[in-house]
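# Reading the structure
The residues making up each chain are set out below.
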Amino acid sequence: MNVIDRRLNPQGKSLANRQRFLKRAKEQIVKAVRDASAKRNIQDIEGGDKIAIPTGGVREPSFHHADRGGIRDYVVPGNKDYTEGTTIPRPQGGGGGRGSEGSADGEGDDDFRFVLSKDEFLDIFFDDLELPDLIKKRLRDTASVSPVRAGYARQGSPSSLAVVRTMRNSLSRRIALKRPRPQDIEALEQEIDAVMRGDEDPERLDTLRQQLALLVTRSQRIPFIDPIDVRYNRFEMVPQPVTQAVMFCLMDVSGSMTEHMKDLAKRFFMLLYLFLKRRYRHVEVVFIRHTHQAREVDEQTFFFSTETGGTVVSTALVEMQRIASERFDVDKWNIYAAQASDGDNTTSDNIHALNLLERDILPLCQYYSYIEVAAEYEDGFGRETELWRTYKRLAKSSLPLAMRRVRNRSEIFPVFRDLFSTQKVAG
Amino acid sequence: MADTLTANEPLYTGADWDFDKIKRVYDAIEQIAVGEMKLEIYRNQIEVITAEQMLDAYSSIGMPLMYKHWSFGKHFARDELLYRKGLRGLAYEIVINSSPCISYIMEENTMTMQTLVLAHAAFGHNHFFKNNHLFQQWTDARGILDYLDFAKSYVSSCEERYGFAAVERVLDAAHALMNHGVHRYPRKRPLDLRDELKRDRERQAYEEQIYNDLWRTVPRKDEKGTLAAVALADRKKLLALPEENILYFLEKRSPKLQPWQREILRIVRKISQYFYPQKQTKLMNEGCATFVHYKILNRMHEKGQIEDGHFLEFLHSHTGVVFQPDFDDPRFSGINPYALGFAMMQDIERIATDPTDEDRAWFPDIAGNGEPMATLRTAWSQYRDESFVLQFLSPALIRKLKLFKVKNDAAESHLLVEAIHDDRGYKQIRSALARQYDLAYTEPDIQVVDVNLAGDRKLILQHNVINGIPLDESNCKQVMRLIANLWGYEVKLIEVDARTGATLREHSDIAPTAPV
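Here the structure is a predicted model, which is why all the values come from computation and not from measurement. (Residues numbered from 1 in each chain as written. Chains lettered and ligands numbered in written order. Predicted model: local features only at pLDDT ≥ 70, side-chain atom pairs only at ≥ 80, totals over all residues. Heavy atoms only, no water.)

A count of helical and extended segments in chain A gives 12 helices and 13 strands. When burial is assessed residue by residue, chain A has 43% of its 427 residues classed as buried. Within chain A, residue pairs in contact and separated by at least 24 positions form 79% of the contacts whose partners lie at least 6 positions apart. Accessible surface computed for chain A: about 23,200 Å², of which carbon and sulfur atoms make up 49%. (Helix = DSSP H or I, 4+ residues; strand = E, 2+ residues; numbered from the N terminus. Buried < 20%, exposed > 50% of the residue type's maximum accessible area, 1.4 Å probe, protein only. Contact = heavy atoms within 4.5 Å. Areas by Shrake-Rupley, 256 points an atom, 1.4 Å probe, with all protein chains shown as cover.)

Shown next as structure tokens:
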């Protein structure tokens, strides 16, 4: 008999089969993922999910008998009070005494349920999305790493020998094993010399010589540095957050923005955040809200606190520019900005905002997206808003600006896809 | 028995297992199984695996290596979900009919469970695999792992050469026909898969070289100048019809398949054939293994090799395994093969050692012969589920389980109890239960009966309907489409009453949509 431990064999033997299955069911899975992400809170998305898909594309048909029809005999255990000739009303479903028996592989025509891992879920979620100019800046998938000291190791390359630690170990070992110090031996030798020169007691000379021999042997036996003393500096490779991005969320919070509009904007921001999080190791988010004046706030305030005032878009742009120049060096950060607004702006500010955007903001940004949110049932799309008309003048050029209108929640995802799709964005 | 009771120390204490304990326990079991029970086994190979690896093995129909296909991934996904949600436990073990006999045991098992599993799989199933005539006749335990290795690399080399999609289409269709890829009647010599593989390749090459009327493209004219329809008898002779092994027929006769596609059909067919004995002996196989582990563990306890506490743990899981809910219990889902198999084997033991007059009347051959193990060994080697029930189900057991027979006639408004556990009913119940284990009744009998050679090459299948039970409609359509894709031309299915020969229904012809 052999006992073999297979536990350490490579895991994930069925991974290839799983990928084939996902590919096979791709169409249904993508649809299920889209439905799931449309219905639920965006924040929950990052956790993977249980997905149910219709069995259609992944059914494994085979010839087998129909559930009903014909004459069938069953032999079953546990007779209580039936006698020969008893008639029993047909149970619902017509199974005839074994109605609960499922089909051979334990599934009926119901949906097929299984768990998608977080990565699989998001991969499908972001399917064929590509950020423009992705290769720009330090946006490499392979993050750079740098060594960081992390204690000592018994093994290592000679160049990383930790001399002090090694010597300390050596010293304590030498003390513990009572290795004679060189000066002790020297002293003894001198004494022997003295005794010899003095030509005194030969007995004492013998003792001293014996002592010397003992010390010498001992110092030869116990090495000065033993391999067990040797220590090396240990380094751990720590990824450097060079692939980092900052996302500016700009939102108009003046009275004309309804809860519905804010909700739309929030969803867009979150999707963008999720997306950036996937591309960059480190993502910072800056929330700037504005009325006729702009302020950097935290997330709670950004979405939930109300404020009144006029609407001057350029204030937000100025604030953003200030923060970017103070905290986010263009060489080290990928800057993304998303602005949400209902399109209102003080007319006199339009030209100012336009200039700011064109000259100062857009050159900083990898991408600047403008989302115009509208009320759910209002037919406001016939007429272009102030801000829309202003920004449209820039969208025609090759600047990294994208603009979209969104009216209800289910439109967010398509708009998002549009904005970052591989095809060139059109205003 | 008192003389064999020696003051043995327990072989292990505590719940944790390690490799030394397993070796000790294995040796003790071997002593009992081989020495006292006279079991014959293949050399054992025990492999310890994790839960994830167990799921892996599940999804590839229990085999340690398998070619790649999405359906295995699908099963894995579902099993994983059920397991993670705690809806379903995993089997404690999987055992493979190979030589050496490989048993997978899970690392989570306690030492007592490992003992149970070793006795159950490494000795019970192992003995059954080695001795049952179906396995001897149909499977090549020595060659199966090599064959699967070949199958795996062959399929992946096809994928490289012809693309995933093309291979997947063939496999999809072949899987749908897996139950119809079995030769039911044995040939003269046991199969050696490797030799046969070589021989059949040569034969295939030869057949492709020679003339085959099916591939004729020029219409033949007889003397009068009309198109001659080849007579049905001739067609049957030409194509070796009727043929119930549909996969075999397609592999050999389909006009459009490439050689590699035929080889893939062949692989699926071989694997299906390999599992055919297991489908026919589930009751006996599990019954045998359960009986063996029960005997061995009791004996070990008797010898003092297992402590009382551990023995209780064993009894607890054994009782769970052989639990049979009544028909009106919500947990009822058919007859538990472990329960019935175990009960029948215990019953045989009782009949052999301590028979009643009734038993003597019903089983004159074995009643009171005093050799329960020899009787059981004979039964294990010479029967399959259906014949085993028909031969050995005793009135005593029918009474104990309170079996009764119900007739469900779709034409009637009520179900009818036809037989219960009384003198009039025993034989009826016995034969009806035996039939429940007969694949000829539980799987539809579908055969290739004709091919239209002169015209559109339509393939004609016939379902021999027994007791008026029809085929499942939607599945039927899909499978026919897959057959059409393999065949390359239209497929027709006729359902014919097996007794009267009357045509019950004709399914509409299905044309190939995406020929492989």
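We are not done yet, so read on.
The volume enclosed by the second largest pocket comes to roughly 550 Å³. Lining the second largest pocket are 26 residues, with Lys13 of chain A together with Met63, Pro64, Leu65 and Tyr104 of chain B positioned closest to its centre. (1 Å grid on protein atoms, 1.4 Å probe; cavity = no way out; pocket = protein on both sides within 12 Å on 5 of 7 lines; lining within 4 Å. Points joined across faces, edges and corners; volume = space filled by probe spheres on them.)

Residue and element names in this part refer to chain B. Positionally, glycine 341 belongs in helix α14 (residues 337-353). The exposure class of glycine 341 is buried, given its relative accessible area of 0%. Leave out the neighbours within four places in its chain, and glycine 341 touches Leu283 and Gly287.

A word on the confidence of the model for chain A. Residues and elements named next belong to chain A. Residue-level pLDDT values for chain A average 76, and 75% of them are 70 or greater. The secondary structure element of chain A with the lowest average pLDDT is helix α12 (residues 412-420), at 65, and the one with the highest is helix α4 (residues 163-176), at 92. This stretch, residues 93-109, has a pLDDT under 50; its non-local contacts, to residues over four places away or in other chains, come to 28 contacts. With pLDDT under 50 throughout, residues 422-427 is counted as low confidence; its partners more than four residues away or in other chains account for 12 contacts. (pLDDT = per-residue confidence, 0-100.)

In this assembly, 97 residues from chain B lie in contact with 64 residues from chain A. Each partner contributes to the roughly 7,500 Å² buried at the junction of chain B and chain A, and carbon and sulfur atoms together form 56% of this total. At the surface where chain B touches chain A, the tally comes to 10 salt bridges. Salt-bridge contacts for arginine 24 of chain A lead to glutamate 168 of chain B; the nearest nitrogen and oxygen are separated by 3.0 Å. Applying the counting rule to chain B against chain A returns 39 residue pairs in polar contact (both at pLDDT 80 or more). (Buried area = accessible area lost by both parts, 1.4 Å probe. Salt bridge = Lys/Arg side-chain N within 4 Å of Asp/Glu carboxyl O. Polar contact = N/O pair within 3.5 Å; in protein donor to acceptor, adjacent residues only side chain to side chain.)

With that settled, consider the sheet that holds strand β2 (residues 93-96) of chain B. Across the sheet, four strands lie side by side as β1(A)-β1(B)-β3(B)-β2(B); this open sheet has mixed pairing. With one partner strand each, in any of the chains shown, β1 (2-5) of chain A together with β2 of chain B form the two edges of the open sheet. For this sheet the average axis-to-axis angle between neighbouring strands, irrespective of direction, equals 20°. Across six bridges, strand β1 (residues 44-49) of chain B lies against strand β3 (residues 101-106) of chain B in parallel orientation. Within β3 of chain B, the residue paired with valine 48 of chain B across the bridge is isoleucine 105 of chain B. (Pairing = 2+ DSSP bridges. Axes fitted to C-alpha atoms, helices over the stretch in contact; angles between N-to-C directions.)

Moving on, we get to the packing of helix α12 (residues 282-302) of chain B against helix α13 (residues 308-321) of chain B. All names here are of chain B. Look at α12 against α13: their axes get within 11 Å of each other, and the N-to-C directions meet at 165°. In terms of axis orientation, α12 runs roughly antiparallel to α13. Crossing of α12 against α13: the hand is left-handed. Residues Thr290, His293, Tyr294, Leu297, Asn298 and His301 of α12 form the contact with α13, whose participating residues are Asp308, Phe311, Phe314, Leu315 and His318. Among the residues making up the contact of α12 with α13, the classes are represented as five nonpolar, five polar and one charged. (Parallel < 35°, antiparallel > 145°, perpendicular 65-115°, else oblique. Left-handed = near helix turned anticlockwise from the far one by under 90°. Nonpolar A, V, L, I, M, F, W, Y, C, P; charged D, E, K, R; others polar.)

Residue and element names in this part refer to chain B. Looking at where threonine 375 falls in the secondary structure, it is placed in helix α16 (residues 372-382). A distance of 3.1 Å separates the side chain of threonine 375 from the side chain of asparagine 369, its partner in a polar contact. Within the local environment of threonine 375, its side chain forms a polar contact with the backbone oxygen of glutamate 371, the two atoms lying 2.7 Å apart. If sequence neighbours within four positions are ignored, threonine 375 has contacts with Ile348, Ala352, Ile366 and Asn369.

Here we take up the sheet that holds strand β12 (residues 367-373) of chain A. Residue and element names in this part refer to chain A. In space, the six strands of this open sheet follow the order β10-β9-β8-β11-β12-β13, with mixed pairing throughout. Either end of the sheet is taken by a strand with one partner, and the two such strands are β10 (294-297) and β13 (401-406). Looking at each pair of strands side by side, their axes are set apart by 20° on average, direction ignored. As paired strands, strand β9 (residues 282-290) and β10 are joined by four bridges and run antiparallel to one another. In the strand pairing of β10, isoleucine 288 is matched with glutamate 296. Against the sheet, helix α9 (residues 313-327) engages β8 (244-252), β9, β10, β11 (334-341) and β12, with an angle of about 150° to β9. The sheet contacts of helix α11 (residues 386-395) involve β11, β12 and β13, and relative to β13 the element is tilted by about 145°.

Scanning the model with the defined rule gives 24 aromatic pairs over all chains in all. Residues phenylalanine 248 of chain A and phenylalanine 328 of chain A carry aromatic rings whose centres are separated by 6.0 Å and whose planes lie at 85° to one another, so their mutual orientation is edge-to-face. Of this pair, phenylalanine 248 of chain A sits in strand β8 while phenylalanine 328 of chain A sits in the loop between α9 and β11, and the two are 80 residues apart along the sequence. As far as the burial class goes, phenylalanine 248 of chain A and phenylalanine 328 of chain A line up, both buried. Seen from their ring centres, tyrosine 294 of chain B and phenylalanine 342 of chain B are 5.1 Å apart, and the 75° between their planes marks the pair as edge-to-face. Of the two residues, tyrosine 294 of chain B is situated in helix α12 and phenylalanine 342 of chain B in helix α14; the sequence distance between them amounts to 48 residues. Here tyrosine 294 of chain B falls in the partly exposed class, since its relative accessible area comes to 24%. The exposure class of phenylalanine 342 of chain B is buried, given its relative accessible area of 7%. One aromatic cluster is present, formed by Tyr294, Phe311, Phe314 and Phe342 of chain B through successive ring pairs. (Phe/Tyr/Trp six-rings, centres within 6.5 Å; stacked < 30°, edge-to-face > 60°.)

Right, let's talk about a nonpolar patch on the surface for a bit. A grouping of Leu161, Val163 and Val164 of chain A is seen on the molecular surface, where their side chains present a nonpolar patch of about 270 Å² in accessible area. Residue position: valine 163 of chain A is located in helix α4. (Patch = residues over 30% accessible without salt bridge, like charges linked within 9 Å, V, L, I, M, F, W, Y side chains within 5 Å.)

Our next topic: the packing of helix α5 (residues 182-198) of chain A against helix α6 (residues 202-221) of chain A. Residue and element names in this part refer to chain A. The interhelical angle for the contact between α5 and α6, taken along N-to-C directions, is 155°, at an axis separation of 10 Å. Looking at the two axes, α5 sits roughly antiparallel to α6. In this structure, α5 crosses over α6, and the sense of that crossing is left-handed. Facing α5, whose interface residues are Ile185, Leu188, Glu189, Glu191, Ile192, Val195 and Met196, α6 presents Arg204, Leu205, Leu208, Arg209, Gln211, Leu212, Leu215, Val216 and Ser219. Residue classes in the contact of α5 with α6 are distributed as 10 nonpolar, two polar and four charged.

Our next topic: the nonpolar core. All names here are of chain B. Ranked by internal contacts, the top residues of the largest apolar core, which has 77 residues, are Phe123, Ile296, Met300, Trp380, Phe388 and Leu433. Broken down by element, this core gets its largest block of residues, 11 residues, from helix α4 (residues 111-131). Two domains each provide a minimum of three residues to this core, namely domain 1 (2-132 + 281-314) and domain 3 (322-440). Contacts of phenylalanine 388, omitting those with residues within four sequence positions, involve Leu283, Met284, Met344, Met345, Ile348, Ala379, Tyr383 and Leu393. Judged by nonpolar contacts, the second largest core, of 66 residues, contains Ala151, Leu171, Val451 and Cys476. (Core = buried A, V, L, I, M, F, W, Y, C linked by side-chain atoms within 4.5 Å. Domains from an automatic or database assignment.)

Another aspect to go through is the environment of proline 259 of chain B. All names here are of chain B. When you line up the elements, proline 259 lands in helix α11 (residues 259-280). Judged by relative accessible area, proline 259 falls into the partly exposed class, the value being 42%. A sequence separation of 58 residues divides proline 259 from arginine 201, and the C-alpha atoms of the two residues are 9.4 Å apart.

Pairing between side chains of opposite charge can happen when the charged atoms of each approach one another. Counted according to the given criterion, the structure contains 43 salt bridges over all chains. Residues joined in a network through salt bridges with shared partners are Lys458, Glu490, Lys492, Glu506 and Asp509 of chain B.

This paragraph deals with helix α1 (residues 19-36) of chain B. Residues and elements named next belong to chain B. An ideal rise of 1.5 Å per residue puts 26 Å on 18 residues; α1 measures up with 25 Å between its terminal C-alpha atoms. Inspection of α1 places Lys21, Ile22, Val25, Tyr26, Ala28, Ile29, Ile32 and Ala33 among the buried residues, and these make up the whole buried set. Sitting at the head of α1, aspartate 18 places a side-chain oxygen 3.1 Å from the backbone nitrogen of aspartate 20. Looking one or two residues beyond α1, the residue adopting positive phi is lysine 38, at roughly 60°. (Expected span 1.5 Å × (residues − 1).)

Residues and elements named next belong to chain A. By secondary structure assignment, the location of arginine 231 is in the loop between α6 and β7 (232-239). Summary of buried charges: arginine 231 has no salt-bridge partner, and the nearest side chain of opposite charge, aspartate 229, is 6.6 Å away. Among the polar contacts made by the side chain of arginine 231, one reaches the main-chain carbonyl oxygen of isoleucine 228 at a distance of 3.0 Å. The residues contacting arginine 231, other than those within four sequence positions of it, are Tyr152, Ala153, Arg154, Leu161, Ala162, Arg165, Thr166 and Asn169. (Lys, Arg positive; Asp, Glu negative; His and termini not counted.)

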